[in-house]
Structures are given as structure tokens and as C-alpha cells.
Amino acid sequence: MDYAVETIGLTKVFSDWWGRAKVYAVDDLNLQIQHNEVFGLLGPNGSGKTTTIKMLLGLLHPTKGHALLLGGDGADPKINARIGFLPEESYLYRFLNARETLDFYGRLFGLSREVRTARIEALLDMVGLKAVASRSVGTYSKGMARRIGLAQALINDPDLLILDEPTTGLDPIGTRQIKDLILKLAERGKTILLCSHLLADVEDVCHRIAILYGGRIQAQGRVKDLLQQTDKRQIVTDAISDAAVDRIRNILHGEGVKFEISSPMERLETFFIHTVAEAQQQAQPTSGAVSTTQIGDFLTGGAQKESIIHKLTGTSEAEKPVATPVRAEKVAETKVPKREGDKDVLRQLTTQASTERVAPAEPSQTGPVETKTPDKSPQTRKKILDDLLGGSSPKEQKPQGEGKEGDSGHA
Amino acid sequence: MRRIWAVARTTVRQALRMKVAAAFIVLLLILLPILGLTVTGDGTLKGRLQTFVSYGFSLTSMLLSFLTIIVSIYTLTSDIEHRQIYTVITKPIRRSHLIVGKLLGVLTLDVALLTLFGGIIYGATMLMPWFVKATPQERDEVDRQFYTARMSLVPPQPDVSEEVEALYQKLEKNDQLQQIYRNYPKAEILRLLTNQKRLEKRAAPVGQRLLWEFKNVRPLDPNQSLFVRFKYDISVTPPDEQAYGEWYIGDLRQLGAGPDAAGRIYQVPRRDPVRTFREIEVPANCIAGDGYLAIGFINPPLNQAVVIFPIEDGLEVLYKADTFTGNFIRAGILVLLRLVFLACLGMMAGSFLSFPVAILFCLVIFLTGSVSGFVVESFDSLSQNIGIVYTYTVKGLVQLLPQFDKNNPTTFLVPARIIRWAFIGRVALVMVGLQSLLSLAFALLIFRFRELARVII
């Protein structure tokens, strides 16, 4: 089978000055990442995540085994043309400004002037650095450098995006933006290898994960399979009356299960985004990055516009990086899993009396619960903040990718 | 090619942002005009011009050489040390193209700076007679002896092998070899005897003459002057350190032809300081139509000592063959060839060494190349005792070293000696075609297989 990323018995041993083997950074790693998959490589510091990525990209030579990217060698320029890479820190030329930086990387991809210009402007808009695009990168804060680092990884509209700790140093809006971007790229058929130790970020966007420790895979599989607590159920409702709560308590009391009823708290991330959005609406000045929620057109289906530009300017197709066909031109910013299956159970619960707490008994087996999906107008793509502010619980913001529909839907 | 140029552009920007590069550029921009205003030389206009060109060109050449070494090493080692290489090499560019791009960037910078500073030196040189308010005589002199490019002819080395062999046999027969040359190998003895015999051919005892003949002498303009540049040595130095000489310059084949002789012969009595370069100027119409020219020297009895013309630089004939501007441009090309080599050397060193070690490595090569004559001679003298070991190990490596001192452009510009294209071609072939490409090949080979993210514990 053809994988986007594949390692076969990949091993890396770091030696001392005398050539004596000292550290097994990666040990017999067998990894298969399918096309159109968001894969998370997790692990504590020094577990071999970054070493694995460096071997995939040809920056390190494996001591043993093989690493394949898009079916080829990660050091092959033809393969590199289809890859975007954001290293663990944004290693950029400090003397170039943001626009020059992106122009340089665009030239390395052999992009024509027209395409380069269009993409640079779109990416600067997307990462919120347009206002400071003439400042040299050396004067940027860590978060701003991270943003421009992300932009350089996207300038070729890559088929495979390798992100090593992409949210390090980013503010919550930047973090959210990267997660949204990952979801969008996944929906366009891109493959993403996300390397991080920020578990919440990985959990929010990844289809499958592998946990590394000591250079070996300790656990691997779909996020749902690894995280789902089959012995517990969670039901989230709109605000209901105290009487309804009492009836639910009574029912659960009767079932003899341990339960807890409380009002959910807003996530600090959501609150922060809301606050910054309000400040931006008041046009308060900033010398840093502007928090935006835009995604570059060419990354979200604007490739068709570029094709027209190519035709008009006569730019050859060979100059373009290979692009995977776009699956959806416009996608909703936040997908909320459906929970229709649990509606009946909820109705039954809200019509019965409840008790406060009951001693645990046999866990009840209930089917999936469905919740209403918030209305998504075409304009939502431009108003992600509004969507985020109006969104529901964190679980509801998980992607609706393959194998994800039941993640938060079990009660 | 587009990717290579992208790297080259970034390399130029990187170099211009380096403080050391800025310091060198500012230093030259300040020093060159000051030098032009303050040099005096020997007090004459010609001396002033010669000193300025010599100092200005040497200073520019040296600082640009240092700058090339630093930039070419820094651009590669900095990318590796600060890890920008991670985001560059993972783009669709071959490692070899990255090296070539960086090299192209360094050379673009070199060409730009060399043009700038060369232009400043040239401008100051051309304006100096006006600036110092030179007399018409002085202007005329520098027009003939400095603002020109003169072909240089040196007498060929005479074949003395038979005489040397005969002398060797004689010494051996008389058992004098071991007395004079104790423990010397035969090859070394023959070399010393050859030098001795050749020097005898360049020595004029009191009352005797020396004759040098040249063929195919073709000046650019027969109405211009011909120059005999010489340096005396003398067996007994007189108190005033002056030596007399009786010179005959022209078609000496016609000495017996009387007043009807077609060619002109100039007789020039001289009194010159010993061990100092001097020039005799005569009209170039003394050269025969077939390009024949003879120079005779008679050691007059006034000297009371043997006059010797050193083998290396005792005598040469100079005549105008090109313009000063053309020669100046070729001098710049000679410097550029040196910079090309140093840039390739820097790339090679940067491909596998850290910045400070690579700098040290390149500076050693640069300084060794600047005194290559001395280095080669030193190793040759060592070879007397370790001949075989030297021949098969060090000698090959020493021959690979650049010989900057042998193609120093100021040694041509100061005496207004022409730099011939054939000479530039030879230097380019050796320094660029062989030494630079060898360095570059090593750089590409090492960089291709290098682990850029290597960690040594």
C-alpha cells in the first residue's frame, strides 16, 4: 500500500566523538501514515519525535532502516516540492523581512512571480503579519517568527505538511488558527504529520496518533479508540429548568449510577479570543502580529484562481508544485458532530424526576447521542471568531473527519 | 538556475549585513582616498603613482581576500549552526545547487566590490597629475613610464649543461666534490653548479662585455620608447655605491656596416646606484625591421670590480604593447581569479569545519600562498635530507598550493609591465580550472553526504 509517510525499522543511534554508540534516539520505528490523514506524533522531550522528522527529511541519516515520504526519499527535490516543513523553531534569516523571506522560499519552489506575489500577500494576511511585513524577521517575537515560519511551510500549497511543535510560542488565537488550518488542509486531501507534546492540540485535530517514548512507539491508533471511555457517558444540553434537572437526577438515581450535574465553563481559549476580537474591533494599535482568522485562498480552494492566473500569464504547469485535487471549495470553520441518536434518551431523562447522587451500579449501555449542528452560513468562513464565540463545548469543536463522529457523542 | 540565483541573492544580502563586511567596505572607502592624497613615494610624480597603485591595489586585494574567506565560510557555517539550513535544504533544491548558489553570491559581491574599489583606484591614479599640479615634463615621463603597458622581454637562460657536466667530472676527478659539497646529493650539486655557470654568463669582468639578443620584438608604436630595465650587482661595492656602464642598444649585427647601416644603434654611458632598478630609455626605432634587438654592456675600467646582473631580475627589455587601462582591467581580473579560488576554498572548509577552524584553515592556505616561493624553496632545501619522503608526500601538496606572490598584479602595474592574456589564461587554468574546481568538488562531495542535523554526544 502507498503511504504518505512510512518508516521501516527506522533506527537512529547518536554516537560520541569516538564513534561509540551512546543514545538510541529512535529505535526500530515502524510508522505508516495514510494519505489525507492528520497524524499526531506525541511524546515527552527527547522521545525521538524531532529526530524521526529529521530522518524523514534527510537531515539525518538513519543508522538502520528506511524512511519514505510520499513514496520517495525525503531528500529528493521532487519530493520536497510537495512538502511543507515547519521545524521546531522558525529557523529563518534574521536579516530578511517577512515579505523577502516568503519570496526567497517561493523562489526555491520555482514559483512564478505572479504566483509568488499572490501567495505572499495571502499568507501575510493569514498569519496577521502584513502590517509588519517590512520589518526584519530578527526583530520579531517568538510567536511572530512562528507565524512567518508557518507561512513559509505553506507557500507551495504542500501535499504533505510536517509540523514540528507548530503551536509553540503562539498566542491562543494563533494556536486556534493553526488547528483550523490543519482541519481545512485535511479536508482538501492533504496529509499532515503533527509533532507535539501539547496533547490538547493534538487531540483536537488528529485522526490517529502514536506515542513515542525512548525512541519506540508505546501506543498507536485512532484518537477515538485510544481515548474513548466506554464505561462512562456524557450528555450536554441547552439550559434546562431545575425541575428537568431533578427529573434527570431521579432517573439516574434509579439506574444506580454515579453521576455529576454541573454547568459547563467556557474555555479560557474561547474567552481570550473573544476579548482580543473586541480589542481589534476597537482598532487598538499593536506592534505585534494581528490576530486574524483568515486562511490563504490558495490553501482553501483558491487554487482555481491561480489556474486562471497561470493561463493568463502563461506560466507552465511544471513550475507549480503538485497539488492534490481540492475536495471542498468552502468548508465550515467548525464542525459539530451530530448526536441525533441520543435525542430520545435525553427527552426521556428530562421528563423524569432526579436525585442528587446515587451509588455506582452497572454501567448502562446507551446509544450515540445527537446534538443540533449550529447553522453555518457561507459567510462563516470569514467570521470564524463569531463562530468560535458562539460555538458549544470543546468536544463539539472536534473535526468531523473519518472516525470522529462518535467522539463526543456518547452519553 | 532560478533557485541558484535565489540563494545567491540571499547570500549577498547576508554578506552586506555582516558587520565585518561593512567594516572592510567602510575602511577601504576611507583609506583609498586618504592614500591617494597622502602618498609621496620618492617625491616624483612617477614614484607617487607607483606607490599609490601598489598600496591601493595590495590593500584592496588583501581586504577583499579576507572578506571572501570570511563570507564564504560564514554563509555556510552560519546556516548550519543557526539551522536555517533545515528550512532551505528541505525545499526542492539540491545540495550542490545550494553550494553553487552561495558561491555565486560571494563572487557577485566580489565582482561588485572589486569594480567599486578598482574604479576608485583607477580614478585617483588618473587624476593624480592634475591634483599634484605636475609639470609637463613629469606628465610626459609618467605617460611613457607609468600610464602604459609594456611588454617585458628577459634574456633566455643559456644552456650550460655541458659545461656543468665537465666541471662536475673535473671536481670529481680531483676529489674536490666532497671537500666543497660534503654530503650533498648529485642532483643538488648539479643545480648549484648550473647556477654558478649561469651567473658567470651574466658577469662582466673589468673591460669585458656582455651581449643579450632578442628576436621578434614588436612594439605597438615604433615611434615610442624602448626601455632597458636593469639592476647591477658588483663584486666590490664602491664607497659611493655607484657603478659605471657603457651600453649599446640596437641592431648590433650592423656594427661593421658603417654609416650606411639601416638600423640605429644607441650608445649610452651610465652611472647608476648598485642593487637598484634603473631604466634606460631609447627610441624604439633601434629595433631592426625583422624584430631583432641586441643589448651590449661593457664594464669600464672605472669600476675596478666585476659587474653582475642577477639571474632572476638583472635585465629586461620593456616596450609599449598596450594601454594602461587595459592593463589595469587585467590586473583586476588577476585579483578576481584569486578571490574565486578563496571563495571555493572557503566553501570547502565551511562544508565540514566549524567557522573558527575553517577561518584558520583558509588563512593558513592564503598566507602560505602569498609566500609560496619561500615555502617551496624551504621544502626543497629540506628535501636534501628527506628527498624520497618529500617527493612522494609533501611535494605534491605544496604544488597544489596557490602561488599568489607569482601573479601579484602590482608587480606588473608598478613597472608598467603588461599582463598578457596568455598569462591570465595560464593563471586561470591553474587557479580556477584546477585548484578552485578541486576545492569545489571536495565541498560538493562532503556537503552531499553530510548529516546537517548531526549531533555528537
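Each chain has its residues counted from 1, running along the sequence as written. Chain A is the first chain written and ligand 1 is the first ligand written, with later ones labelled in order. Totals for whole chains, interfaces and linings use all residues, but because this is a predicted model, local features are given only for residues with pLDDT of at least 70 and pairs of side-chain atoms are given and counted only at 80 or more.

Peer 1: What is the right way to look at the overall build of chain B in this model?
Peer 2: Scanning chain B from terminus to terminus reveals 15 helices and eleven strands. Seen through its C-alpha atoms, chain B measures out along the principal axes to roughly 85 × 65 × 45 Å. Considering chain B as a whole, with its 457 residues, one finds that 35% of them fall into the buried category. Note that contacts rest on C-beta atoms placed from the backbone: two residues are in contact if these are within 7 Å. Long-range pairs, those at least 24 residues apart, make up 83% of the contacts in chain B with a sequence separation of at least 6. Runs of E in the DSSP output that reach at least two residues are strands. Runs of H or I that reach at least four are helices, and both are numbered from the N terminus. Exposure classification rests on a simple neighbour count of other C-beta atoms within 10 Å of a residue's own: a residue reaching 20 or more is buried, one at 12 or fewer is exposed, and one in between is partly exposed. C-beta atoms are placed from the backbone.

Peer 1: Please clarify how the overall build of chain A should be interpreted in this entry.
Peer 2: Looking only at helices and strands, chain A has 13 helices and nine strands in total. Expressed as a percentage of its 411 residues, the buried residues of chain A come to 44%. Taking all contacts inside chain A whose residues are at least 6 apart in sequence as the whole, residues at least 24 apart take part in 78%.

Peer 1: Is there a simple way to explain the sheet that holds strand E11 (residues 315–322) of chain B in this structure?
Peer 2: Whether parallel or antiparallel, the strands of a sheet pair through hydrogen bonds between backbone atoms. Residues and elements named next belong to chain B. Strand pairing is defined by DSSP finding a minimum of two bridges between the two strands. Taken together, the four strands give an open sheet; going across it, the order is E1-E11-E4-E8, and neighbouring strands pair in antiparallel fashion. Either end of the sheet is taken by a strand with one partner, and the two such strands are strand E1 (149–153) and strand E8 (278–283). Each strand axis lies, on average, 30° off the axis of its neighbour in the sheet, ignoring direction. The axes are straight lines fitted to the C-alpha atoms, using for helices just the contacting stretch, and the angles between their N-to-C directions are given from 0 to 180°.

Peer 1: So what exactly am I meant to see when it comes to the interface of chain A and chain B here?
Peer 2: Bring the parts together and some accessible area is lost; that lost area is often taken as the interface size. Counting residues at the interface gives 30 residues for chain A, matched by 25 residues for chain B. Residue assignment for the side of chain A that touches chain B shows that the elements contributing at least two residues are strand E1 (5–15), strand E2 (21–33), helix H2 (77–80), strand E5 (83–86) and helix H3 (98–108) of chain A. By residue number, the principal contributor to the side of chain A that touches chain B is H3 of chain A, which donates four residues. Only Asp, Glu, Lys and Arg are considered charged in this grouping, and only Ala, Val, Leu, Ile, Met, Phe, Trp, Tyr, Cys and Pro are considered nonpolar; every other residue, Gly among them, is considered polar. Of the residues that constitute the side of chain A that touches chain B, the class distribution is 20 nonpolar, five polar and five charged.

Peer 1: Help me understand the domain arrangement of chain B in this model?
Peer 2: Residues and elements named next belong to chain B. As used throughout, domain bounds are those supplied by an automatic or database domain assignment. Taken domain by domain, chain B holds domain 1 (2–148 + 324–449) and domain 2 (202–322). A C-alpha centroid distance of 37 Å is found between domain 1 and domain 2. With eight residues of domain 1 at the interface, the matching set in domain 2 holds seven residues.

Peer 1: What should I look at first to understand the environment of Ala-358 of chain B in this one?
Peer 2: Residues and elements named next belong to chain B. Tracing the chain through its elements places Ala-358 in helix H11 (residues 355–370). With 25 C-beta atoms counted inside 10 Å, the residue Ala-358 sits in the buried group. Placed 260 residues apart in sequence, Ala-358 and Leu-98 show a C-alpha to C-alpha distance of 19 Å. Every residue in contact with Ala-358, bar those within four places of it in the chain, is listed here: Ile-73, Thr-77, Ala-349, Gly-350 and Leu-353.

Peer 1: How should the packing of helix H5 (residues 95–131) of chain B against helix H10 (residues 324–352) of chain B be read in this particular structure?
Peer 2: Angle between the axes and distance between the axes: these two values describe a pair of packed helices. Residues and elements named next belong to chain B. Look at H5 against H10: their axes get within 10 Å of each other, and the N-to-C directions meet at 150°. When the axes of H5 and H10 are compared, the pair comes out roughly antiparallel. In the packing of H5 onto H10, the handedness of the crossing is right-handed. Contacts between H5 and H10 pair Ile-99, Lys-102, Leu-103, Val-106, Leu-107, Asp-110, Val-111, Leu-114, Gly-118 and Tyr-122 from the former with Phe-328, Gly-332, Val-335, Leu-336, Leu-339, Val-340, Ala-343, Cys-344 and Met-347 from the latter. What sets the label is the angle itself: under 35 degrees gives roughly parallel, over 145 gives roughly antiparallel, 65 to 115 gives roughly perpendicular, and the rest give oblique. A clockwise turn of the near helix away from the far one marks a right-handed crossing, whereas an anticlockwise turn of less than a right angle marks a left-handed crossing.

Peer 1: Is there a simple way to explain the environment of Met-144 of chain A in this structure?
Peer 2: Residue and element names in this part refer to chain A. Note on placement: Met-144 falls in helix H5 (residues 142–154). Given 25 C-beta atoms within a 10 Å radius, Met-144 is considered buried. Along the backbone, Met-144 and Val-127 are 17 residues apart, and their C-alpha atoms lie at a distance of 8.4 Å.

Peer 1: How do you make sense of the pairing of strand E9 (residues 216–222) of chain A when you look at a structure like this?
Peer 2: Residues and elements named next belong to chain A. Relative to E9, strand E8 (residues 208–213) runs antiparallel, the two sharing six bridges. Bridge pairing links Tyr-213 to Arg-216 in E9. Turn length for the E8-E9 hairpin, with the two strands adjacent in sequence and antiparallel, is two residues, and the turn residue Gly-214 shows positive phi of about 60°.

Peer 1: Explain the packing of helix H3 (residues 45–81) of chain B against helix H6 (residues 136–145) of chain B to me, please; I cannot follow it from the model alone.
Peer 2: Residue and element names in this part refer to chain B. Put simply, H3 and H6 touch, their axes get as near as 9 Å, and they point 45° apart. The pairing of H3 with H6 is recorded here as oblique in orientation. Across the interface between the two elements, Leu-45, Lys-46 and Leu-49 from H3 touch Glu-138, Glu-141, Val-142 and Gln-145 from H6. Classifying every residue of the contact of H3 with H6 gives three nonpolar, one polar and three charged.

Peer 1: Is there a simple way to think about the environment of Thr-368 of chain B in this case?
Peer 2: Residue and element names in this part refer to chain B. Note on placement: Thr-368 falls in helix H11. The class for Thr-368 is partly exposed, based on 17 C-beta atoms found within 10 Å. In this structure, the C-alpha to C-alpha distance between Thr-368 and Phe-404, residues 36 residues apart in sequence, is 8.9 Å.

Peer 1: So what exactly am I meant to see when it comes to unusual backbone geometry here?
Peer 2: Glycine aside, residues mostly have negative phi angles, and peptide bonds mostly take the trans form. At Glu-165 of chain A, a residue that is not glycine, the phi angle is positive and equals roughly 50°. Here Glu-165 of chain A shows up in the loop between strand E6 (160–164) and helix H6 (172–187). For Glu-165 of chain A, a count of 20 C-beta atoms within 10 Å translates into the label buried. One non-glycine residue, Ala-416 of chain B, adopts positive backbone phi at about 55°. Along the chain, the position of Ala-416 of chain B falls in the loop between helix H14 (410–413) and helix H15 (421–449).

Peer 1: Quick question: what am I supposed to make of the confidence of the model for chain B here?
Peer 2: As a note on interpretation, predicted positions should not be read in detail where pLDDT is low. Confidence in the prediction of chain B, expressed as mean pLDDT, is 86, and 94% of residues score 70 or more. Here the complex is predicted with pTM 0.73, and the ipTM for its interfaces comes to 0.73. For every residue, the pLDDT score states the predictor's confidence, bounded by 0 at the bottom and 100 at the top.

Peer 1: Got a minute to help me understand the sheet that holds strand E5 (residues 233–234) of chain B in this structure?
Peer 2: Residues and elements named next belong to chain B. Taken in spatial order, the three strands line up as E2-E10-E5 in an open sheet, and their pairing is antiparallel. Strand pairing shows two members of the sheet lacking a second neighbour, strand E2 (203–204) and E5, which therefore form its edges. With two bridges joining them, E5 and strand E10 (residues 307–308) adopt antiparallel strand pairing. Counted as the bridge partner of Asp-233 is Ile-308 from E10.

Peer 1: How should I be thinking about H3 of chain B in this particular structure?
Peer 2: Since the α-helix packs 3.6 residues into each turn, any two residues three or four apart lie on the same face. Residues and elements named next belong to chain B. Multiplying 1.5 Å by the helix residue count minus one yields the expected span of that helix. End to end, H3 covers 52 Å across 37 residues, agreeing with the expected 54 Å (1.5 Å per residue, within 8%). At Tyr-74, H3 shows its strongest bend, of approximately 30°. Along H3, 26 of the 37 residues are buried, which leaves the element largely enclosed by surrounding structure. Positive phi shows up at Arg-83, right after H3, with a value of about 70°. To obtain the bend at a residue, axes are fitted to the seven residues ending there and to the seven starting there, and the angle between these axes is taken.

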